[in-house]
Amino acid sequence: MDLDLDERTTAFRDEVRAWLAENVPKRPLASFDTAEGFEQHRRWEAKLADARLSVVSWPREYGGRDASLLEWVLFEEEYYAAGAPGRVGQNGIFMLAPTLFSHGTPEQRKRILPAMARGEQVWAQAWSEPEAGSDIAALRSTATRTDGGWLLSGQKVWSSRATYADRAFGLFRSDQDSERHRGLTYVMFDLRADGVRVRPIPQLDGEPGFAEIFLDEVFVPDADVIGEPGEGWRVAMTTANNERGLSLRSPGRFLAAADRLVRLWRETHGDTETALAARVADAWIQARAYQLYTFGTVTRLAEGGELGPESSVNKLFWSHLDVGLHETALELLGPDAELSGKTGWPEGWLFSLAGPIYGGTDQIQRNVVAERLLGLPRGQR
Ligand SMILES: Cc1cc2nc3c(=O)[nH]c(=O)nc-3n(C[C@H](O)[C@H](O)[C@H](O)COP(=O)(O)OP(=O)(O)OC[C@H]3O[C@@H](n4cnc5c(N)ncnc54)[C@H](O)[C@@H]3O)c2cc1C
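Residues numbered from 1 in each chain as written. Predicted model: local features only at pLDDT ≥ 70, side-chain atom pairs only at ≥ 80, totals over all residues. Heavy atoms only, no water.

Under an unreviewed UniProt entry, the name given to the protein is Alkylation response protein AidB-like acyl-CoA dehydrogenase, and the organism recorded is Saccharomonospora amisosensis. A UniProt comment under Cofactor (unreviewed entry) is attached to the protein, and it reads "FAD". Note on the protein: under the UniProt heading Sequence similarities (unreviewed entry), the record states "Belongs to the acyl-CoA dehydrogenase family." (UniProt positions renumbered as here; feature names shortened; annotations may be inferred.)

See below:
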């Protein structure tokens, strides 16, 4: 692709930059793992939506502005550089929405996407189950046919922000005689429906960042099934490839963190040459490499390509970049690192440790790379 931006793209980037400079809250919002912070973030989503900046790459009819994927990448760069709040709507916006664009009906898109874009409906991902995390095809929650829809039963776990979210999307076994990837159905359900119990799971900081979801014959209408019943695995792969390959973690996040790391280096070490200087430079170069790789991905998609198993390479790369970058920051801060709460580095480091787990663990991504990209023999299961 041509890395010189055209006039339209430059104007878009400048508009985003100016709006963020004017509107990003001066004081950080409370954590969206708290009831108060969740509502503050919901209001922030509405404010972004009023400026048509919450889902820039979506079509206008759903609240977007038809921005290209390249413009979305640039939007994200500006967003993180401005230190804007984390996106409480991210599971819906970056995982469910691409799935609906690929497999949803026009009615589903019209009903669901505008409310998602405004933060009026915040979505949780209900995939993982006890005994079915990496091996998601081992899931046991069921969808049983009933008049006009399905009855969901079973248990989900590790559902981020489900404590406060409104609705969830997940996979259920709809053919009880099926095995593994077959006979699964992709369903959306209301977290406040009869038969749903959400039990918060406190994190290390005591806040309920996750929840378990218990379902007891929860009715969902046929209109809330995405794709064909029994074809849930295929639909789910769209979600997973988006999560790993592009949408969930844009380069903007790492470019902004790498710039902050360089500033931290200057503040703490001046211009002295130590082994840490090389690590700071490495982190910056990796963030920039990820940006260039993503430009390649969006060019490929714009030309009609699809996200495939190479998404796993992407996921491995950004999750390790994040850990290395934050570890370097803590070393720059030295023994005071854990006390430097206001800098955000210790919290960022704790969260970076989850990167090689959520969205599919490292080991699983490496299996995908080995078997599906390199053609190596299938590992033992
Ligand atoms: C911060 C965070 C947020 C999350 N948010 C959500 C969410 O919103 N919704 C949701 O549904 N889930 C969520 N998860 C759950 C996450 O997707 C799972 O933790 C992940 O898929 C791993 O599953 P598991 O924890 O059951 O581990 P297991 O699958 O039990 O794996 C344990 C270890 O064994 C390894 N392993 C397992 N099978 C193999 C194999 N075949 N080959 C090699 N190694 C193997 C794994 O790589 C791992 O190291 C989140 C997790 C985290 C940390």
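Caption draft 1: Spatial organisation of the domain arrangement of the protein. For the protein, the assigned domains are domain 1 (7-87), domain 2 (123-232) and domain 3 (249-374). Taking only C-alpha atoms into account, the centre of domain 2 sits 31 Å from that of domain 3. (Domains from an automatic or database assignment.)

Caption draft 2: Examining the pattern of salt bridges more closely. Enumeration according to the criterion identifies 21 salt bridges in this entry. Between R279 and E331 there is a salt bridge whose closest N-O contact spans 3.3 Å. With R279 in helix α8 (residues 275-302) and E331 in helix α9 (residues 311-333), the pair connects residues that are 52 residues apart, well separated along the chain. On the basis of relative accessible area, R279 is assigned to the partly exposed category, the value being 30%. Residue classification places E331 among the partly exposed residues on the basis of a relative accessible area of 44%. For D362, the salt bridge is made with R366, and the minimal N-O distance between the two is 3.9 Å. You can see D362 and its partner R366 sitting in helix α11 (residues 362-373), four residues apart, about one turn around the helix. Note on D362: relative accessible area 9%, which makes it buried. (Salt bridge = Lys/Arg side-chain N within 4 Å of Asp/Glu carboxyl O. Helix = DSSP H or I, 4+ residues; strand = E, 2+ residues; numbered from the N terminus. Buried < 20%, exposed > 50% of the residue type's maximum accessible area, 1.4 Å probe, protein only.)

Caption draft 3: Layout of the UniProt feature "domain: Acyl-CoA oxidase/dehydrogenase middle" (unreviewed entry) in the protein. Residues annotated by UniProt as "domain: Acyl-CoA oxidase/dehydrogenase middle" (unreviewed entry) correspond here to residues 124-217. The span residues 124-217 is 0% helical and 47% strand by assignment, and the distance between its end C-alpha atoms comes to 19 Å.

Caption draft 4: Structural view of the site of the ligand. Lining the immediate environment of the ligand, one finds 17 residues, of which S128, S134, W158, S160 and T361 sit closest. Side-chain polar atom of Q363 to an oxygen atom of the ligand: 2.8 Å apart, as the coordinates give it. For the ligand, a nitrogen atom lies 3.1 Å from a polar atom in the side chain of N367. Its free accessible area being 980 Å², the ligand has 67% of it covered by the protein chains. Here the shell around the ligand takes three residues from α11, the largest share from any one element. (Near = heavy atom within 4 Å. Polar contact = N/O pair within 3.5 Å; in protein donor to acceptor, adjacent residues only side chain to side chain. Areas by Shrake-Rupley, 256 points an atom, 1.4 Å probe, with all protein chains shown as cover.)

Caption draft 5: Structural view of a nonpolar patch on the surface. Taken together, the side chains of V313, L373, L374 and L376 present a nonpolar region at the surface, about 340 Å² in accessible area. Take V313: it is sitting in helix α9. Given a relative accessible area of 38%, V313 falls into the partly exposed group. (Patch = residues over 30% accessible without salt bridge, like charges linked within 9 Å, V, L, I, M, F, W, Y side chains within 5 Å.)

Caption draft 6: Seen up close, the side chain of Q90. The topology assignment puts Q90 in helix α4 (residues 90-103). We classify Q90 as buried; its relative accessible area is 12%. Residues within four places of Q90 in sequence aside, it is in contact with M95, R161, L248 and R249. (Contact = heavy atoms within 4.5 Å.)

Caption draft 7: Quick look at the packing of helix α7 (residues 251-269) against α9. Contact geometry for α7 and α9: axes closest at 10 Å, N-to-C directions at 20°. Accordingly, the angle class assigned to the pair α7 and α9 is roughly parallel. The handedness of the crossing between α7 and α9 comes out as left-handed. Residues R253, F254, A257, A258, L261, L264, W265, T268 and H269 of α7 touch α9, and the partners they reach there are W318, L321, D322, L325, T328, A329, L332 and L333. Along the lines of polarity and charge, the residues of the contact of α7 with α9 split into 12 nonpolar, three polar and two charged. (Axes fitted to C-alpha atoms, helices over the stretch in contact; angles between N-to-C directions. Parallel < 35°, antiparallel > 145°, perpendicular 65-115°, else oblique. Left-handed = near helix turned anticlockwise from the far one by under 90°. Nonpolar A, V, L, I, M, F, W, Y, C, P; charged D, E, K, R; others polar.)

Caption draft 8: Spotlight on the environment of L301. Within the element layout of this structure, L301 appears in helix α8. When the C-alpha atoms of L301 and L69 are compared, they prove to be 8.4 Å apart, with 232 residues separating the residues in sequence. Once residues within four sequence positions are removed from consideration, L301 is found in contact with L69, L246, E306 and L307.

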